[in-house]
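# Fold and contact review
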Amino acid sequence: MFYEDVCETAAYIRERIDAVPELAIILGSGLGGLVDIMEDKSEIPYGEIPHFPRSNVRGHAAKLVFGRIGKTRVAAMQGRFHFYEGFTMKEVTYPLYVLRQLGIRNLLVTNACGGINRSFRPGDLMIITDHINLTGRNSLIGENDERFGPRFPDMSEAYSGELIGKAKAAAGKQGIAYKEGVYLLFPGPCYETAAEIRAFAALGADAVGMSTVPEVIAANYLGMKVLGISCITNMATGIATEKHTHEEVLRTAGESSEKLCAWVRQIVQDW
Ligand code: HPA
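Residues numbered from 1 in each chain as written. Predicted model: local features only at pLDDT ≥ 70, side-chain atom pairs only at ≥ 80, totals over all residues. Heavy atoms only, no water.

With that settled, consider the pairing of strand β9 (residues 225–235). Of all 11 residues in β9, 10 are buried; the element is thus mostly enclosed. Across 10 bridges, strand β5 (residues 106–115) lies against β9 in parallel orientation. Residue alanine 112 lies in a different strand from β9, and its bridge partner there is cysteine 231. Of the pairings in the sheet, the one linking strand β6 (residues 125–133) to β9 comprises three bridges and is antiparallel in character. Residue pairing for β9: leucine 125 is matched across the bridge by cysteine 231. (Buried < 20%, exposed > 50% of the residue type's maximum accessible area, 1.4 Å probe, protein only. Helix = DSSP H or I, 4+ residues; strand = E, 2+ residues; numbered from the N terminus. Pairing = 2+ DSSP bridges.)

See the structure below:
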């Protein structure tokens, strides 16, 4: 059933695009402006796509945008599905199955997150080197369909060393400063307590957020290469002196958006 649904969704999309993109991009909160660097765009609202979940978080549009950055064909997900919205992990990762079924083998995932590493500052961009899935939940739990991927997928290079190298080279060309670190998934929707952040720091996390990890697990399972870039929108609870708000997250992400756009444009141009 699941396999047939994915094929049906992919077939629907394939009819509406000229060619298979080389790269999929998931746009994080406040980072939707990345679609502005795409040319020859066409859009498909999630609501029109068969079997797609429906998203409605503020700051997240809900559509697939196809187009080009330079010569590279790109599919951007403007709006993602979060576990805290009540979606199952399978629903959160459904678009990844579809993108892979379309033939896309590279994923750039972006997000807004809180900084745990005290050398970080709001507005910093961080290359995700690895992640910690603290939820105890996994989108791959359940019967495995070998047509998608193996029962026990390897996660030793969850974030591709090759793509991290490309990102670093592109940052060098553009003179963009970046951090590197481990992203920890917190299910949310409340922000963390100060005690939780102290615990996560002890576990080796540099940043904390409520997304990305399920998609990255699915992408690895599906044989995709992943590059992850986080925007540190605030310092995490107990490190920050102010209380968190979603508005603050969106504002800081928006302010970093230009830097991220320049970086992503360079990464994709050199693809
Ligand atoms: N915690 C979790 N998720 C977030 C944060 C945070 O501090 N900032 C943006 N997303």
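Picking up after the structure, the text goes on.
So, about the packing of aromatic side chains. If you walk through the whole model with that rule in mind, you get 13 aromatic pairs. Taking the centre distance of 5.1 Å and the plane angle of 50° together, the rings of tyrosine 46 and phenylalanine 52 count as tilted. For phenylalanine 52, a relative accessible area of 6% translates into the label buried. Aromatic side chains phenylalanine 52 and phenylalanine 81 sit 6.0 Å apart centroid to centroid with 75° between the ring planes, which places their arrangement in the edge-to-face category. Of this pair, phenylalanine 52 sits in the loop between β2 (39–45) and β3 (63–69) while phenylalanine 81 sits in the loop between β4 (72–78) and α2 (89–102), and the two are 29 residues apart along the sequence. (Phe/Tyr/Trp six-rings, centres within 6.5 Å; stacked < 30°, edge-to-face > 60°.)

To continue, consider the site of the ligand. What surrounds the ligand is the set Ala112, Cys113, Gly114, Tyr191, Glu192, Val208, Gly209, Met210, Thr233, Asn234 and Val249. Backbone polar atom of alanine 112 to a nitrogen atom of the ligand: 3.4 Å apart, as the coordinates give it. Within the contact set of the ligand, a nitrogen atom lies 3.4 Å away from a backbone nitrogen or oxygen of glycine 114. Expressed as a share of its isolated accessible area of 260 Å², the protein-covered part of the ligand is 95%. Within the residue set of the shell around the ligand, elements represented by two or more residues are β5, β8 (207–209) and β9. For the shell around the ligand, the leading source of residues is β5, giving three residues. (Near = heavy atom within 4 Å. Polar contact = N/O pair within 3.5 Å; in protein donor to acceptor, adjacent residues only side chain to side chain. Areas by Shrake-Rupley, 256 points an atom, 1.4 Å probe, with all protein chains shown as cover.)

Here the focus is the packing of helix α1 (residues 2–14) against α2. Remark: α1 packs on α2, axes separated minimally by 9 Å, with the N-to-C direction vectors making an angle of 60°. Taken as axis vectors, α1 and α2 run oblique relative to one another. As α1 runs across α2, the sense of the crossing is right-handed. Residues Phe2, Tyr3, Asp5, Val6, Cys7, Thr9, Ala10, Ile13 and Arg14 of α1 lie in contact with α2, whose contacting residues are Lys90, Tyr94, Tyr97, Val98, Gln101 and Leu102. In the contact of α1 with α2, the residues fall into 10 nonpolar, two polar and three charged. (Axes fitted to C-alpha atoms, helices over the stretch in contact; angles between N-to-C directions. Parallel < 35°, antiparallel > 145°, perpendicular 65-115°, else oblique. Left-handed = near helix turned anticlockwise from the far one by under 90°. Contact = heavy atoms within 4.5 Å. Nonpolar A, V, L, I, M, F, W, Y, C, P; charged D, E, K, R; others polar.)

In terms of residue burial, β3 counts as a mostly covered element, since five of its seven residues are buried. Relative to β4, β3 runs antiparallel, the two being bridged by seven bridges. By the bridge assignment, leucine 64 is partnered in β4 with methionine 77. Counting the residues in the hairpin turn of β3 and β4 gives two residues, including glycine 70, whose phi is positive at 60°.

Glancing now at α1. For α1, which comprises 13 residues, the first-to-last C-alpha distance of 18 Å matches the rise-based estimate of 18 Å (1.5 Å per residue) to within 8%. Of the residues making up α1, those classed as buried are Tyr3, Asp5, Val6, Thr9, Ala10, Tyr12 and Ile13. Against β2, β3 and α2 lie the buried residues of α1. (Expected span 1.5 Å × (residues − 1).)

On to the pattern of salt bridges. All chains considered together, the criterion is met by seven salt bridges. We note a salt bridge from glutamate 180 to lysine 168, for which the minimum N-O separation is 3.1 Å. A residue pair is termed long-range when its members are at least 10 positions apart, and glutamate 180 in strand β7 (residues 179–185) and lysine 168 in helix α3 (residues 161–174) qualify at 12 residues. By relative accessible area, which is 35% here, glutamate 180 ends up partly exposed. (Salt bridge = Lys/Arg side-chain N within 4 Å of Asp/Glu carboxyl O.)

That bond from glycine 188 to proline 189 is cis: its omega, 0°, falls within 30 degrees of zero. You can see proline 189 is positioned in the loop between β7 and α4 (194–203). The residue histidine 51 is not glycine, and still its phi comes out positive at about 70°. For histidine 51, the location among the structural elements is in the loop between β2 and β3.

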